[in-house]
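Topology and contacts: notes
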Amino acid sequence: MLSPIIPTGLDPAFLAGMTDPDYRKATGLSQSSLKEFLISPAHYLASTEQKREATKAMNLGSAFHAELLQTEPTDFYAVKRKVDGRSKEGKAYNDEFAIENAGKVVIDQDEHQMIKSMAGGVISHPKANELMQGLTHRETALFGTFPAQAGQVRMKGLIDGYNQDTGDIIDLKSCESASPADARKTIWDRRYDIQVCQYSWLMESAGKPMNNFYFIFVEKNPPWAVSVVKINPNSLLKSCEKWVDAIERFAHCQVTGNYPAYSDQVIEITL
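Everything numeric here is computed off the predicted structure, so don't read it as measured data.

This paragraph deals with the packing of helix H2 (residues 31-39) against helix H10 (residues 233-256). Here H2 crosses H10 at 80 degrees, and the two axes come no closer than 10 Å. Comparing the axis directions of H2 and H10 gives the class roughly perpendicular. Within the contact between the two elements, H2 uses Leu34, Phe37 and Leu38 and H10 uses Trp243, Ala246, Ile247, Arg249, Phe250 and Cys253. Grouping the constituent residues of the contact of H2 with H10 by class yields eight nonpolar, no polar and one charged.

So this is what it looks like as structure tokens:
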């Protein structure tokens, strides 16, 4: 899938069943961190020094992923009733809920109904359902070392789903609009193409069959519409060239310890 000029990674690892906290603590440059680096090396460095609290949208996304990818989804998220925390009964409920569901993502009843409906949208979509039913691996961690010119860079990724028989990867994306035009814009704006390059490279480095990378976009409102999207191969090759260039620049920053922001020189722009 990738260009033959892109080197194969060293010391690859394909680890099924790794928990999200363990993955996040593991050494490696993730695709999300690399996107920060594409803004500027200084932005990447700042992102590593900030402790980010999970937002409501992030919690909803985690619960949605668990609903579709885990055998026992409620082992990963808990649904909390709306109660008056000022009352004795409400305070007792809140305290008991916190103890019983420590470590889980917490969503409310409306959000629970939302992710159930979104999951139903995926199941009702012929291609999306076919891809989900064919998965042989779910939420699998990947690691590999990129042999950049300035020095080695440890890379990592966490794929939503993989079918080893067909060599297909799927990635679930909740969204406001799953229309083809909006899906294209979202992929470009959020640089999901970088994600495809990195995960494909990690899979090939691990010696796993790699064929297609599918995004399953699911709307968060009725009619819970779904689009299954993949990036044109020619477009992807261009993205992967930029991905390699970014890693080479990251390796240089890693060796020198210098993570600059924007240019130190005057930048002339055209209006």
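Now that the structure is up, let's keep going.
Here we come to helix H6 (residues 109-124). For H6, spanning 16 residues, the distance from its first C-alpha to its last is 23 Å, which sits close to the expected 22 Å at 1.5 Å a residue. When we look at burial in H6, the residues that qualify are Glu111, Ile115, Ser117, Met118, Ala119, Gly121 and Val122. Where H6 begins, the side chain of Asp108 points an oxygen toward the backbone nitrogen of Asp110, at a separation of 3.1 Å.

Here we take up the state of the cysteines. In this structure the tally under the stated criterion is one disulfide. Note on cysteine connectivity: Cys197 is disulfide-linked to Cys240, with sulfurs 2.3 Å apart. Judged by the sign of its S-S torsion, about -100 degrees, the bond between Cys197 and Cys240 is left-handed. Linking Cys197 in helix H9 (residues 192-205) with Cys240 in helix H10, this pair joins segments that are 43 residues apart in sequence. You'll find Cys197 and Cys240 in the same group, each marked buried.

What counts and what doesn't
Residues numbered from 1 in each chain as written. Predicted model: local features only at pLDDT ≥ 70, side-chain atom pairs only at ≥ 80, totals over all residues. Heavy atoms only, no water. Axes fitted to C-alpha atoms, helices over the stretch in contact; angles between N-to-C directions. Helix = DSSP H or I, 4+ residues; strand = E, 2+ residues; numbered from the N terminus. Parallel < 35°, antiparallel > 145°, perpendicular 65-115°, else oblique. Contact = heavy atoms within 4.5 Å. Nonpolar A, V, L, I, M, F, W, Y, C, P; charged D, E, K, R; others polar. Expected span 1.5 Å × (residues − 1). Buried < 20%, exposed > 50% of the residue type's maximum accessible area, 1.4 Å probe, protein only. Polar contact = N/O pair within 3.5 Å; in protein donor to acceptor, adjacent residues only side chain to side chain. Disulfide = S-S within 2.5 Å.

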